[in-house]
Amino acid sequence: MHLVLLGPPGAGKGTQATILARDLRLAHISTGDMLRTAVREGSDLGLAAREYMDRGELVPDELVIALIQDRLGAPDARGGFILDGFPRNVSQAERLDEILEELNLPLELVLNLQVPEAELIRRMTGRRVCPGCGESYHLVFNPPKSLGVCDQCGEDLIQRDDDKEATVRMRLEVYERENAPLVEYYGEAGLLVDIDGRGTVEQVYDRIRSELK
Ligand code: AP5
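**A look at the side chain of His138**
Thought 1: With respect to the element layout, His138 can be found in strand E6 (residues 136–138).
Thought 2: Under the relative-accessibility criterion, His138 is labelled buried at 9%.
Thought 3: In terms of polar contacts, His138 uses its side chain to reach the backbone carbonyl oxygen of Arg122, at 2.9 Å.
Thought 4: The contacts of His138, once residues within four sequence positions are left out, are Arg122, Arg123, Gly126, Arg127 and Pro143.

**As for the nonpolar core**
Thought 1: If you look at the biggest cluster of nonpolar residues, it comprises 29 residues, and the most contacted ones within it are Leu72, Phe81, Leu83, Leu96, Leu107 and Tyr186.
Thought 2: Mapped by element, the contributors of at least two residues to this core are strand E1 (2–6), strand E2 (27–30), helix H2 (31–41), helix H3 (44–55), helix H4 (61–72), strand E3 (81–84), helix H5 (90–103) and helix H7 (165–188).
Thought 3: The element contributing the most residues to this core is H4, with 5 residues.
Thought 4: Setting aside chain neighbours within four positions, we find Leu72 in contact with Ile29, Ala77, Phe81, Leu83, Leu96, Ile99, Leu100, Leu103 and Leu105.
Thought 5: Core analysis: the next-biggest nonpolar cluster, separate from the first, contains 24 residues, Leu3, Leu20, Met124 and Leu212 among them.

**With respect to the state of the cysteines**
Thought 1: With the rule as written, the count across this model stands at 0 disulfides.
Thought 2: The thiol of Cys130 is not disulfide-bonded; the next cysteine sulfur, from Cys153, is found 3.4 Å away.
Thought 3: Of the cysteine sulfurs around Cys133, a residue in no disulfide, the closest is that of Cys150, at 3.7 Å.

The rules we used
Residues numbered from 1 in each chain as written. Predicted model: local features only at pLDDT ≥ 70, side-chain atom pairs only at ≥ 80, totals over all residues. Heavy atoms only, no water. Helix = DSSP H or I, 4+ residues; strand = E, 2+ residues; numbered from the N terminus. Buried < 20%, exposed > 50% of the residue type's maximum accessible area, 1.4 Å probe, protein only. Polar contact = N/O pair within 3.5 Å; in protein donor to acceptor, adjacent residues only side chain to side chain. Contact = heavy atoms within 4.5 Å. Core = buried A, V, L, I, M, F, W, Y, C linked by side-chain atoms within 4.5 Å. Disulfide = S-S within 2.5 Å.

Written as structure tokens, this is what we have:
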């Protein structure tokens, strides 16, 4: 399967993509995760991306497109993929179409997660992540077994720099600006399916799975 998962910051894209990738044996390709790794490693890409991410703005298209082109060319993507956080605007979507055409991996479905803003803010400000293995938690909705510690690898959990409230608001503004044309683009291509992203992780997952049947 060749899928894109769209949705505002905090909608649950990473959460759902992780479960889908495991259950359907797909490559989970998250530009946010790749960029955060680059920042952590202090690579040239990370140094260039960091200032945009800290402000809650999009990283320039050419940097992200180069990253995604490489990743989609890797062997595991041929067995199916789910894109999480890419594309973010119409020019990324157009470039994605070209890359997938070259690779002969046409998109099959674009899932558009929809969650009200107050819930997005609750989800993002309560999120905690593991700097070691990348596992994501929520203080209330998905707490770790032991407070502040990753269940998977035992590292201390941290708050993402861009989950502070002022940056969260900027990320939501950027999303509002860029998303409508993107939704229109995929709607016209006949690929778009809206998914109600409210409720528990399991409820949202069941809605997605019924669209994939
Ligand atoms: P990115 O990492 O892609 O962030 P985002 O799109 O803002 O999405 P999030 O990771 O915040 O949320 P999510 O939808 O994955 O939700 P999650 O599952 O974690 O991008 C970060 C930055 O990188 C961007 O701002 C930009 O600068 C840059 N960037 C990335 N891609 C780019 C691109 N293509 N172009 C340019 N720049 C790019 O869930 C959130 C929380 O809610 C978690 O705590 C989770 O446990 C909880 N939760 C999830 N589902 C539920 C549920 N159903 N009920 C209750 N809680 C839930």
